[in-house]
Amino acid sequence: MKEIANAIGVSTPALKELFRRDVLRRAFVKHPFFSDVFEAYKLDRKFGSLEEGTLIAKTTDRIEIVRGFPKIKRALTLFPTIKKHFDGDVAIEEKMNGYNVRIVKFGEKLYAITRGGFICPYTTEKVRLFFDDSFFKDYPNLMLCCEAVGEESPYVPSSIYGERLDFYVFDVRDRKTNSPLPIKEKERICEEYGFKMATIFDIVDCRIAHEVVRDVVEKIGKEGREGVVIKDVEMKVPPIKYTTSQANCSDLSYGFKYFGEYGKDFLFSRLIREGFQSWEFGEVEEVMNERALRIGKSILFSMVESIRDVKDKGKIYERMRLRFYDLEVFELFKEHVRRMGVSAKFSEPIQDEDGIYIVHYYKYMKSTTDTVKHILEGNLWS
Ligand code: ATP
Ligand code: MG
């Protein structure tokens, strides 16, 4: 306890207070799979200069601090926002729609930390299979910040990137200071070690970037992709993000399907994005009509599907397909999900032709289920 307190610069009583207030929480399930880690805690809120999602771990080597991935602010308009925010050249990168993973090495093995600061057994299993540790031997202080994408994802499943979970590096950072490498350095490292990298569409002067981003966003939107992150090539200025209409609508569709779980802010903010984009793109009536139809459909169709599900099946679950190479990791993942406070059920694992275990993970959407049920029983909406 004293070592953890020292690491974040507080006294032992102050540390206890952080636990009591749930600012610090346990970040992993103790298990031989995580044998290099004795204790690990995560920050559930920003604390001093440490970001939310920061992990503090006592490992076989030492006390480690892995900084949380910083929040990326959003542009609602491209002009004059990009030009106002940056100076000189910017890289226009693909914003991939998966979940944020920081990969680090503790002791002998690799560990995958999700956005909130949990060490995730599902992700760690895949990371250990896909990445060798030569990069971490060469650069022990750096972490790989990746987007984990694919259909077989327990958090953000998406079929446009393929079936299997895959990792795309978008930042390389010092894990203790959070300082990012310049874009060129990141590219060099990904090339040298054979890591997949989020696509860099272009590098342009920030004064013309709004035009380039618009073209890119219109093109990738049609392919169902999420958007872009605009980054200073030296990474001295914080990046900003901008999303396609199709991504905003896909969020709306998901959010209205599980409207009990998703707050009004989540839905309202997506609608506001659509308004500014439609205005800035100077849409003629026909194009605006298409957008209006896309927004309307994403709201209505998914909601009706949920109501139908409650009526016919009684409960709403989000269903995901997962792949485990080891059944022990499956057991560990079940415990991990329970600790995250998710109410879920799992199918019996079935071995495929390669001996790998396929499992269906059903995440119970209690709030949406209860609300729909209540209304269908004839009760009034207060
Ligand atoms: P935020 O990260 O800004 O707090 P959020 O958690 O809602 O917001 P998003 O809206 O998905 O997340 O946007 C930021 C996330 O985008 C990053 O945390 C990262 O996981 C993901 N991402 C995907 N591609 C990239 C990329 N090329 N560069 C940076 N981040 C990317
Ligand atoms: Mg995301």
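What comes next concerns the included structure. None of the values given here were measured: they were computed from a predicted structure.

1. With respect to the overall build of the protein
Here's step 1: A tally of helices and strands in the protein yields 12 helices and 17 strands.
Here's step 2: Radius of gyration (C-alpha) of the protein: 22 Å, near the 21 Å computed for a compact globule of 382 residues.
Here's step 3: Seen through its C-alpha atoms, the protein measures out along the principal axes to roughly 65 × 60 × 50 Å.
Here's step 4: Long-range contacts, defined as pairs at least 24 residues apart, comprise 65% of the intrachain contacts of the protein with a sequence gap of at least 6.

2. Overview of the site of ligand 1
Here's step 1: Neighbouring ligand 1 are 16 residues, the closest being Ile72, Lys95, Arg115, Glu147 and Lys241.
Here's step 2: A distance of 2.5 Å is found between an oxygen atom of ligand 1 and a side-chain nitrogen or oxygen belonging to Glu147.
Here's step 3: Here an oxygen atom of ligand 1 and a side-chain polar atom of Lys241 are 2.6 Å apart.
Here's step 4: Alone, ligand 1 offers 600 Å² of accessible surface; in the complex the protein occludes 82% of this.

3. So, the sheet that holds strand E6 (residues 89–95)
Sheet strands associate in pairs through backbone hydrogen bonding, adopting either a parallel or an antiparallel arrangement.
Here's step 1: Read across the sheet, five strands follow the order E5-E13-E12-E6-E11 without closing on themselves; strand pairing throughout is mixed. Each having just a single partner strand, strand E5 (73–74) and strand E11 (200–205) make up the two edges of the open sheet.
Here's step 2: By the bridge criterion, two bridges tie E5 to strand E13 (residues 240–243) in an arrangement that is parallel. Its bridge partner lying in E13, Lys73 is registered against Ile240.

4. Regarding the sheet that holds strand E2 (residues 37–43)
Here's step 1: Ordered in space as E1-E2-E3-E4, the four strands form an open sheet in which the pairing is antiparallel. The open sheet is flanked by strand E1 (24–26) and strand E4 (63–66), the only strands paired with a single partner. Geometrically, the sheet is characterised by an average inter-axis angle of 25° between neighbouring strands, direction not taken into account.
Here's step 2: Relative to E2, E1 is paired through three bridges, and the arrangement is antiparallel. Residue pairing for E2: Leu24 is matched across the bridge by Leu43.

5. What about helix H4 (residues 121–130)?
Here's step 1: Counting buried positions over the 10 residues of H4 gives seven, a clear majority of the element.
Here's step 2: Each element contacted by the buried residues of H4 is listed here: strand E7 (99–106), strand E8 (109–114), strand E10 (166–174), strand E14 (317–324) and helix H11 (327–339).

6. Observations regarding the packing of H4 against H11
Here's step 1: It is the contact of H4 with H11, at a shortest axis distance of 8 Å, that shows an interaxial angle of 145°. Along its contact with H4, which presents Pro121, Tyr122 and Glu125, the element H11 presents Val329, Leu332, Phe333 and His336.
Here's step 2: Along the lines of polarity and charge, the residues of the contact of H4 with H11 split into five nonpolar, one polar and one charged.

7. A short note on the nonpolar core
Here's step 1: Leu55, Ile119, Phe135, Leu144, Phe195 and Phe324 are the most contacted members of the largest nonpolar core, which has 60 residues in total.
Here's step 2: Of all the elements, strand E9 (residues 142–149) adds the most residues to this core, at seven residues.
Here's step 3: Look past the residues within four positions of Phe135 in its chain and what remains in contact with it is Leu142, Leu144, Val172, Ile189, Tyr193 and Phe195.
Here's step 4: Grouped together as the second largest cluster of nonpolar side chains are 19 residues, Ala75, Ala209, Val217 and Tyr242 included.

8. Section: a nonpolar patch on the surface
Here's step 1: Together, Ile307, Ile375, Leu376 and Trp381 make up a nonpolar patch on the protein surface, roughly 390 Å² of accessible area in all.
Here's step 2: If you trace the backbone, Trp381 turns up in the segment after helix H12 (366–376).
Here's step 3: Under the relative-accessibility criterion, Trp381 is labelled exposed at 63%.

9. Description of the pattern of salt bridges
When charged atoms on two side chains of opposite charge get close, those side chains can pair.
Here's step 1: In this structure the tally under the stated criterion is 38 salt bridges.
Here's step 2: The salt bridge involving Asp166 is made with Lys196; its shortest N-O contact spans 2.6 Å. Within this pair, whereas Asp166 is found in strand E10, its partner Lys196 is found in the loop between helix H6 (183–193) and E11, the two being separated by 30 residues in sequence.
Here's step 3: We classify Asp166 as buried; its relative accessible area is 18%.
Here's step 4: Each member of the salt-bridge network shares a partner with another, and the members are Glu151, Glu152, Glu163, Arg321, Arg323 and Asp352.

10. Comments concerning the environment of Phe256
Here's step 1: As for its position among the elements, Phe256 is in helix H8 (residues 245–257).
Here's step 2: Put simply, Phe256 and Gly116 are 140 residues apart on the chain and 24 Å apart in space, counted from C-alpha to C-alpha.
Here's step 3: In contact with Phe256, other than residues within four places in its own chain, are Leu267, Ile299, Ser302 and Met303.

11. Quick look at the packing of aromatic side chains
Here's step 1: In total, this model carries 29 aromatic pairs according to the counting rule given.
Here's step 2: Aromatic side chains Phe330 and Phe346 sit 5.5 Å apart centroid to centroid with 75° between the ring planes, which places their arrangement in the edge-to-face category. Of this pair, Phe330 sits in helix H11 while Phe346 sits in strand E15 (residues 344–346), and the two are 16 residues apart along the sequence.
Here's step 3: Residue classification places Phe330 among the buried positions, given a relative accessible area of 2%.
Here's step 4: Consider the rings of Phe333 and Phe346, whose centres lie 6.2 Å apart with planes at 80°: the pair is edge-to-face. With Phe333 in helix H11 and Phe346 in strand E15, this pair connects stretches of sequence that are 13 residues apart.
Here's step 5: Residue Phe333 is classed as buried on the basis of its relative accessible area, which comes to 0%.
Here's step 6: One aromatic cluster is present, formed by Phe130, Phe131, Phe135, Phe136, Tyr139, Phe167, Tyr193 and Phe195 through successive ring pairs.
Here's step 7: Lying over the aromatic face of Tyr122, Lys126 brings its terminal NZ or CZ to 3.5 Å of the ring centre.
Here's step 8: In this structure, Lys345 is placed above the aromatic ring of Tyr362, and the distance from its NZ or CZ to the ring centre is 5.7 Å.

About the cut-offs
- Residues numbered from 1 in each chain as written.
- Chains lettered and ligands numbered in written order.
- Predicted model: local features only at pLDDT ≥ 70, side-chain atom pairs only at ≥ 80, totals over all residues.
- Heavy atoms only, no water.
- Helix = DSSP H or I, 4+ residues; strand = E, 2+ residues; numbered from the N terminus.
- Rg over C-alpha atoms; globule rule 2.2 N^0.38 Å.
- Contact = heavy atoms within 4.5 Å.
- Near = heavy atom within 4 Å.
- Polar contact = N/O pair within 3.5 Å; in protein donor to acceptor, adjacent residues only side chain to side chain.
- Areas by Shrake-Rupley, 256 points an atom, 1.4 Å probe, with all protein chains shown as cover.
- Pairing = 2+ DSSP bridges.
- Axes fitted to C-alpha atoms, helices over the stretch in contact; angles between N-to-C directions.
- Buried < 20%, exposed > 50% of the residue type's maximum accessible area, 1.4 Å probe, protein only.
- Nonpolar A, V, L, I, M, F, W, Y, C, P; charged D, E, K, R; others polar.
- Core = buried A, V, L, I, M, F, W, Y, C linked by side-chain atoms within 4.5 Å.
- Patch = residues over 30% accessible without salt bridge, like charges linked within 9 Å, V, L, I, M, F, W, Y side chains within 5 Å.
- Salt bridge = Lys/Arg side-chain N within 4 Å of Asp/Glu carboxyl O.
- Phe/Tyr/Trp six-rings, centres within 6.5 Å; stacked < 30°, edge-to-face > 60°.
- Lys NZ or Arg CZ within 6 Å of the ring centre and 35° of its normal.

Function-wise, these values are silent; they only describe arrangement.
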